[in-house]
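Fold and geometry: a report
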Amino acid sequence: IYAGDDLRAQVLHEAERLEGSVRNTGIHAAGIIIAPRDLTDLIPVAVAKDSDLWVTQIEGSSIESAGVIKMDFLGLKNLSIIKTALRLIKQNYGLEIEIDNIPLEDVATFELFQKGETNAIFQFESAGMQKNLRELKPDVFADLIAMNALYRPGPIAYIPNFIKRKHGDETIVYDLPEMEEYLADTYGITVYQEQVMLLSQKLAGFSKGDADILRKAMGKKAIAILNKMKEQFLKGATAKGHPADKLEKIWKDWEAFAQYAFNKSHSTCYAFVAYQTAYLKTHYPSEYMAAVLNHAGAIDKITFFMEECKRMGIKVLGCDINESHKGFAVNSQGEIRFGFGGLKGMGDAAIDGVIEEREQGGIYKDIFDFIQRINQRVVNKKALESLVYAGAFDCFPEMDRGQYFAVQPGEVVNNLERIVKFGNVVQASQQNALGSLFGDAAMPAIATPKILPSEKWSLIEKLEHEKDVTGIYISGHPLDNFRFEMQHYGIMPISEFEKMRMEEQPKTGINIRIAGMVIGAGHRQTKKGQDFGTLILEDYSGKTELMFWRDDYVNFKNYIETGLMLSLTGYFKQRFNTGQYEFKIVSITLLESLKTALTKTLEMEMPLKQISHDMVAFLEGNLTKFPGSTGLKFKIVDIDDQAAVNLYTLDKGVSMNDEMIDYLNQHPDIRVHVALVG
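So, here is what we can say about the structure in this document. Predicted model only: the values in this text are computed from it and were never measured.

Criteria and thresholds
- Residues numbered from 1 in each chain as written.
- Predicted model: local features only at pLDDT ≥ 70, side-chain atom pairs only at ≥ 80, totals over all residues.
- Heavy atoms only, no water.
- Pairing = 2+ DSSP bridges.
- Helix = DSSP H or I, 4+ residues; strand = E, 2+ residues; numbered from the N terminus.
- Buried < 20%, exposed > 50% of the residue type's maximum accessible area, 1.4 Å probe, protein only.
- Core = buried A, V, L, I, M, F, W, Y, C linked by side-chain atoms within 4.5 Å.
- Contact = heavy atoms within 4.5 Å.
- Axes fitted to C-alpha atoms, helices over the stretch in contact; angles between N-to-C directions.
- Phe/Tyr/Trp six-rings, centres within 6.5 Å; stacked < 30°, edge-to-face > 60°.

A few points about the sheet that holds strand β7 (residues 336-337)
Ordered by their spatial adjacency, three strands build an open sheet running β5-β7-β6, and the pairing between neighbours is mixed. Every other strand in the sheet has two partners, leaving β5 (316-317) and β6 (329-330) as the edge strands with one partner each. Note that β6 and β7 share two bridges and pair antiparallel. Paired with Ala329 across the strands is Arg337, a residue of β7.

See the structure below:
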């Protein structure tokens, strides 16, 4: 027992020695020390392990007492985006924009903020921020500064008041009339540390040094210092004749403000960068979005911003041997081209070789012109295959992508290999001619290979190869043929489904329909020999993995196959005697059968001016060609006379079909609603 007590005492003694000791050291990623004279006169320094940088072990929180200041210089990807956008603008228009000198009263830029169209806009991208912007309708730069500071935990509660006060729906009240000078820009709401600093000087006679101490105390939530300064504030403000009860309220508000205090200088810098990005997005949308795509990094981000481009009406096209550059770039029609740098198998040397030859010798006329001019030691067979898969040669209409890999009768190599061989022969002949006494006259004519027609790749084959080399679908999506179903048949985007799935308590018992393409499927067995299956379903928004056990596997195993387009219906339920939830699948159908099985009524609202003989002829012919049980309902609207009439089919119906969907897609003036069975 005594030995145990001695050991315990020794352990406690060693623990006290260890407590507070530095376990390891690291270099601050952005902390820079600035001194009025040689650093070695003021603080101890050492040389960093991995570089020649000087470092000090004094912590940032206390180093200023040594007579220096610490500044954090942070990198910001958005500055690189702006730089790239400016380079693309100069390349396309010959304009050199001084981004720091753009007007801060640009109406079109503020309209972008007012509409909440701020995807790819620094600090203003979130759905919540976009909602607040639509309600606030900012029209001055100060609104952006304030919104940037308010949209964070704590002050976010004041945003509704801020919006109401801006629009005159709530009275602006100041505790003291003297406060209006510094709170007018934020409609009477304290938003920034600087406002507190200025008010403490005006109301209580604080020196600038005392005001800065107050700012630091608020920023660090230093309650002890704040309590000490309260007495100084009350004493100084009372001496200036301000009522004590108002001062108590003001200080109480400031103490609450200390929980989320934000400095205006910081918010202003962020809002300025945000405004610059919004200005570029407004006036040079293609160049700006190309810059955003170049710096997006992750595939899911690229996909997201490509969808934003579509919303903006900007086409994002695949690689083109005559238009693409290393990264995303903008062509003469304002369309964004995918860059060679995003292709697997295309190294920097191959990319430089393709671009340099194009700049020196002009655009490539066809695949045979390309293969004669390119250095095949740099642009090898792997690179050529990647270019084909990515659609870089689609600008040459003589050949379809599939033809490059077809083998012609009597041949043992595919057409791409024949083309490569042709290029080698031509280049070898040119080299021989250069060494000849007779120059070009000695060069024999070499016939281009004859490429016979062959079976073309299907859309799915093209897209799958495209995705293999780029990581994403560019020229289309396998679900493009089912956009109508995805939009009108109550299908939840998989990204939204996944969010619901991640909730601690998702809503139970409510039927949910998801749909997409099966991009992964597996039939497996547990260690006990029980069969089960896995299925990965992908739509435009994301992907989800589903498991099939016991009866579910027996009932649905035929659908667990890669490449199928499926619609799945199910609901969330709590597992028996657990706090966990699962998605119970009720039914699975092929996506192509959804329109015929679920369409109860097709409702179409159209302007009177849209009615034509061609429309009537099409609808009459479609009803005759595809008879069925789906009813048709028409709402004809006369906008000029503000009148409308409803028409219904009584004895005839239609079976929902692709021709009807194509017609509706080609006539966006017709507003469509699909009433579903059940």
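A look at the pairing of strand β9 (residues 531-538)
With six of eight residues buried, β9 is to be regarded as a mostly interior element. As paired strands, strand β8 (residues 512-525) and β9 are joined by eight bridges and run antiparallel to one another. Bridged to Gly520 within β9 is Ile536. Between β8 and β9, which follow one another and run antiparallel, lie five residues, and Gly529 among them has a positive phi close to 90°. Taken together, β9 and the strand that follows it, strand β10 (residues 543-549), pair antiparallel across an intervening segment of four residues.

Comments concerning the nonpolar core
In terms of nonpolar packing, the biggest core is built from 95 residues, with Leu280, Ile336, Phe340, Phe370 and Phe393 touching the most fellow members. For Phe393, the residues in contact, after removing those within four places along its chain, are Ile321, Ile367, Phe370, Leu384, Leu387, Val388 and Tyr404. The next biggest cluster of nonpolar side chains, apart from the first, holds 31 residues, and it includes Phe484, Ile491, Met604 and Leu632.

Some remarks on the sheet that holds strand β12 (residues 581-590)
In spatial order, the strands read β10-β9-β8-β11-β12; together these five strands make up an open sheet with antiparallel pairing. Both edges of this open sheet fall to β10 and β12, since each of them pairs with a single strand only. Each neighbouring strand pair of the sheet contributes to a mean axis angle of 45°, computed without reference to strand direction. The pairing of β8 with strand β11 (residues 565-574) spans six bridges and is antiparallel.

Thoughts on the packing of aromatic side chains
A full pass over the atoms with the stated rule returns 28 aromatic pairs. An angle of 75° between the planes, with centres 5.0 Å apart, marks the rings of Phe328 and Phe338 as edge-to-face. Taken together, the positions of Phe328 in the loop between β5 and β6 and Phe338 in the loop between β7 and α15 (348-361) put the pair 10 residues apart, joining distant regions of the chain. Each of the two residues, Phe328 as well as Phe338, counts as buried. Aromatic side chains Tyr389 and Phe405 sit 4.9 Å apart centroid to centroid with 10° between the ring planes, which places their arrangement in the stacked category. Of this pair, Tyr389 sits in helix α17 (residues 381-389) while Phe405 is found in the loop between α17 and α18 (415-434), placing the two residues 16 residues apart along the sequence.

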